[in-house]
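So you can see what is in the structure, the chains are spelled out below.
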Amino acid sequence: QVQLVESGGGLVQTGGSLRLSCAASERTFSTGAMGWFRQAPGKEREFVATIRWNSGRAYYADSVKGQFTISRDYAKNTVYLQMNILKPEDTAVYYCAAAPRYASEWYLPFAQSEYDYWGQGTQVLVSS
């Protein structure tokens, strides 16, 4: 069983930066993808970004493109989300997830149903 342990959430002012971390335990991923989702108050959970574990190819939601950067450390089994120029509308609970089913490097999953493992979530609050 894969366990995802998240850290790095907290309170930050508008325009500030924050880096979220997600460490995978129990095993080392050699295929598939990792992703980040978020859920703001009163809204449904939405896709943020995904990255192929082997190649590092990434895909972003239009709302965060150019603002957030997803990356991974292969040796540490860890994926990161660097969030810059934060705005109050970025306030949400952020979730890390893993999608090991899709081995093709050209495919970048973005639907919640495509991810099999989820972290506990970490809160991000951006104040004005």
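For the structure, check the block above.
Novice: Just give me the short version of the overall build of the protein chain, but keep the residues and values in it.
Specialist: What the protein chain contains, in helices and strands, is zero helices and 11 strands. Ordering the α and β elements of the protein chain from the N terminus gives β-β-β-β-β-β-β-β-β-β-β. What you see for the protein chain is a C-alpha radius of gyration of 14 Å, in line with the 14 Å of a compact globule of 128 residues. Over its C-alpha atoms, taken along the principal directions, the protein chain stretches across nearly 40 × 25 × 25 Å. Here the protein chain holds 128 residues, and the buried ones make up 45% of them. Of the contacts formed within the protein chain by residues at least 6 apart in sequence, a portion of 58% connects residues at least 24 apart. Element-wise, carbon and sulfur atoms account for 49% of the exposed surface of the protein chain, whose accessible area totals about 6,500 Å². When the 12 positive and 11 negative side-chain charges of the protein chain are each reduced to one mean point, those points stand 4 Å apart.

Novice: Residues and numbers for the sheet that holds strand β8 (residues 78-83), please.
Specialist: If you trace the four strands from one edge of the open sheet to the other, you get β1-β3-β8-β7, paired in antiparallel fashion. Either end of the sheet is taken by a strand with one partner, and the two such strands are β1 (3-7) and β7 (68-73). Strand-to-strand twist across the sheet, computed as the mean angle between neighbouring axes with direction ignored, equals 20°. Here strand β3 (residues 18-25) pairs with β8 via six bridges, running antiparallel. What sits directly across from S21, in β8, is Y80.

Novice: Run through the nonpolar core, naming residues and quoting values.
Specialist: For soluble globular proteins, the rule of thumb is that nonpolar side chains tend to be buried together. Grouped together as the largest cluster of nonpolar side chains are 34 residues, with contacts concentrated most on M34, W36, L81, M83 and Y94. Broken down by secondary-structure element, the contributors of at least two residues to this core are β3, β4 (33-39), β5 (46-52), β7, β8, β9 (92-99) and β11 (122-127). With six residues, the top contributor of residues to this core is β9. Leave out the neighbours within four places in its chain, and M83 touches G16, S17, L18, L20, Q67, F68, Y94 and V124.

Novice: Now, about the pairing of β9: what can you tell me, with residues and values included?
Specialist: For β9, the buried fraction is high: seven of the eight residues fall into the buried class. Where β4 and β9 come together, seven bridges link them in antiparallel fashion. Its bridge partner lying in β9, A33 is registered against A99. As judged from the three bridges shared by β9 and β11, these two strands associate in the antiparallel manner.

Novice: So what's going on with the pattern of salt bridges? Residues and values would help.
Specialist: Considering all chains together, one arrives at six salt bridges under this definition. Here R38 ties to E46 by a salt bridge, and the two come within 2.8 Å at their closest N and O atoms. The exposure class assigned to R38 is buried, which follows from its relative accessible area of 6%. Here K87 ties to D90 by a salt bridge, and the two come within 3.9 Å at their closest N and O atoms. Members of the salt-bridge network, linked through shared partners, are R38, E46, K87 and D90.

Calculation rules
Residues numbered from 1 in each chain as written. Predicted model: local features only at pLDDT ≥ 70, side-chain atom pairs only at ≥ 80, totals over all residues. Heavy atoms only, no water. Helix = DSSP H or I, 4+ residues; strand = E, 2+ residues; numbered from the N terminus. Rg over C-alpha atoms; globule rule 2.2 N^0.38 Å. Buried < 20%, exposed > 50% of the residue type's maximum accessible area, 1.4 Å probe, protein only. Contact = heavy atoms within 4.5 Å. Areas by Shrake-Rupley, 256 points an atom, 1.4 Å probe, with all protein chains shown as cover. Lys, Arg positive; Asp, Glu negative; His and termini not counted. Charge placed at Lys NZ, Arg CZ, Asp CG, Glu CD. Pairing = 2+ DSSP bridges. Axes fitted to C-alpha atoms, helices over the stretch in contact; angles between N-to-C directions. Core = buried A, V, L, I, M, F, W, Y, C linked by side-chain atoms within 4.5 Å. Salt bridge = Lys/Arg side-chain N within 4 Å of Asp/Glu carboxyl O.

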